[in-house]
Amino acid sequence: MIEVSHLTKRYGGHTAVSDLSFTIEKGRIYGFLGPNGAGKSTTMNIITGCLGATEGEVRIDGHDIFEEPMAAKRKIGYLPELPPLYTEMTTEEYLRFVLQAKGVRRSEWGSQLRGVMEKTKLFDVSGRLISSLSKGYRQRVGIAQALLGNPEVIILDEPTVGLDPAQIIEIREMIRALGREHTVVLSSHILSEVQAVCDHIMIIAHGKLVASDTAENLTNLLSSGMTVELEAKGSEDETRAVLDGLDGVAGAAYAPGEEGTTRVTLTPAEGVDPREAIFQRFATSDVPLIELRKDKATLEDVFLELTQGEQDAAAAEAKEEAKGA
């Protein structure tokens, strides 16, 4: 559906996007992750035709965004980080204006308005000025304008920024529903949000794509960092005696717990899950096992692992530029 090939965007001596290539397939919800300043919004603006590129190519359903902008843009609905709203209009007036701007046939206006208002739950505020709407409803209006024209791809840049928890949940549910009818690309730096709604995750750092896979496969990248955490009601010496010589354990760290307990972090050997053997050891000992769980790498762990070096490099670069100035 979307093919990005060797995309580069430079601003003077600063490279915001560097030789970026990826493909977005139909019928999935993609998460586009990255720290602030990673190049997410720049990439989104180029893909949607709002910004030119220094080098590279972007095709939307076979249409080059630079050479066939009108044909390509008809395939895309876009909600930028700051929704393009005219606050002096009512909700319905604004959406009718967008329909006209997008060149939708007037005979389709009624059905399209009803359709997007139903999806975004805007009927109750259709006659209200946008200036009087809450942040959550303004985001809904922004999503509604992106849906007009029935585009195949919906691109949402930070759609929940500034919303309260209840509004965030509502927008997430809306995005999941949109994913049943459209290809959705969700740009965010909120990891829990991306993991909650996306089928596929792309991580960008310092203008480069550093990972592209499902959340499960990405966390498996750090499977070697999996640990087993346990707490036993006994002294460190007693706990060590129970675990001494246990097969499949590469390392162990002991720490005092509360009220006479000992906490242990075990690093299993590759491909080994020692929890059953641990349970059996404690079951036949005089030391009660209070807690036993496996800690697997999270998406946050993966994100930090993949982007930390790039963030450090960017900070060092900025520091050098400041010295030169």
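See above for the structure.
These notes cover the structure that comes with them. This is a predicted model, so every value here is computed, not measured.

## Some thoughts on the layout of surface pockets
Argument step 1. Of the voids in this model, the largest pocket is the one considered here, and its volume is about 660 Å³.
Argument step 2. In terms of lining residues, the largest pocket is bounded by 23 residues, among which Lys73, Ile76, Ala101, Lys102 and Gln145 are the most central.
Argument step 3. Put simply, the parts of the chain that give the lining of the largest pocket at least two residues each are α2 (69–73), β6 (76–79), α3 (91–101) and α5 (135–147).
Argument step 4. In terms of residue count, the dominant contributor to the lining of the largest pocket is α3 (4 residues).
Argument step 5. In the lining of the largest pocket, the residues fall into 15 nonpolar, 5 polar and 3 charged.

## Some remarks on the packing of aromatic side chains
Argument step 1. The final tally for this structure, using the stated rule, is 3 aromatic pairs.
Argument step 2. Both rings, one in Tyr86 and one in Phe97, keep their centres 5.4 Å apart while their planes meet at 85 degrees; by these two values the pair is edge-to-face. You can see Tyr86 sitting in the loop between β6 and α3 and its partner Phe97 sitting in helix α3, a full 11 residues away along the chain.
Argument step 3. One aromatic cluster is present, built from ring pairs that chain together Tyr86, Tyr94 and Phe97.
Argument step 4. A cation over a ring is seen here: Lys9 above Tyr11, with NZ or CZ 5.2 Å from the ring centre.
Argument step 5. Stacked on the ring of Tyr254, the Lys or Arg Arg240 has its end atom at 4.0 Å from the ring centre.

## What about the sheet that holds strand β1 (residues 2–11)?
Argument step 1. Sheet architecture is open: 4 strands sit in the order β2-β1-β4-β5, paired in antiparallel fashion. Of all strands in the sheet, those with a lone pairing partner are β2 (14–24) and β5 (63–64), marking the two edges.
Argument step 2. When β1 meets β2, the two strands line up antiparallel, connected through 7 bridges. Pairing of Arg10 across the sheet is with Thr15, part of β2.
Argument step 3. Where helix α1 (residues 40–47) meets the sheet, its contacts fall on β1, β2 and β4 (55–60), and the angle it forms with β1 comes to roughly 120 degrees.

## Some words on α3
Argument step 1. Buried residues of α3: Thr91, Tyr94, Leu95, Val98 and Leu99, and no others. What you see down the axis of α3 is that its buried residues fit within an arc of 145 degrees, all on one side. In α3, the exposed positions angled more than 90 degrees off the buried face are occupied by Gln100 and Ala101.
Argument step 2. Residues of α3 that are buried in the fold lie against α4 (109–120) and α5.
Argument step 3. In the segment just after α3, Gly103 is the residue with positive phi, at about 75 degrees.

## A few points about the sheet that holds strand β12 (residues 249–256)
Paired through backbone hydrogen bonds, the strands of a sheet run either parallel or antiparallel to each other.
Argument step 1. What the 4 strands build is an open sheet, ordered β12-β13-β11-β14; its pairing is antiparallel. Across the chains shown, the open sheet's two edge strands, defined by having one partner strand only, are β12 and β14 (289–295). Across the sheet, the mean angle from the axis of one strand to that of its neighbour is 15 degrees, orientation sign disregarded.
Argument step 2. Where strand β11 (residues 227–232) meets strand β13 (residues 262–268), 5 bridges bridge the pair, whose relative direction is antiparallel. In the sheet register, Glu229 faces β13, and the bridge partner there is Thr265.
Argument step 3. Those strands touched by helix α9 (residues 236–243) are β11, β12 and β13, and its axis lies near 30 degrees from that of β13.

## Describing α1
Argument step 1. When you tally the buried positions in α1, you get 6 out of 8 residues, the bulk of the element.
Argument step 2. Buried within α1 we find Lys40, Thr42, Thr43, Met44, Ile46 and Ile47.
Argument step 3. At the C-terminal side of α1, Gly49 shows a positive phi close to 80 degrees.

Here is what the cut-offs are and how they apply
Residues numbered from 1 in each chain as written. Predicted model: local features only at pLDDT ≥ 70, side-chain atom pairs only at ≥ 80, totals over all residues. Heavy atoms only, no water. 1 Å grid on protein atoms, 1.4 Å probe; cavity = no way out; pocket = protein on both sides within 12 Å on 5 of 7 lines; lining within 4 Å. Points joined across faces, edges and corners; volume = space filled by probe spheres on them. Helix = DSSP H or I, 4+ residues; strand = E, 2+ residues; numbered from the N terminus. Nonpolar A, V, L, I, M, F, W, Y, C, P; charged D, E, K, R; others polar. Phe/Tyr/Trp six-rings, centres within 6.5 Å; stacked < 30°, edge-to-face > 60°. Lys NZ or Arg CZ within 6 Å of the ring centre and 35° of its normal. Pairing = 2+ DSSP bridges. Contact = heavy atoms within 4.5 Å. Axes fitted to C-alpha atoms, helices over the stretch in contact; angles between N-to-C directions. Buried < 20%, exposed > 50% of the residue type's maximum accessible area, 1.4 Å probe, protein only. Arc of directions from axis to C-beta.

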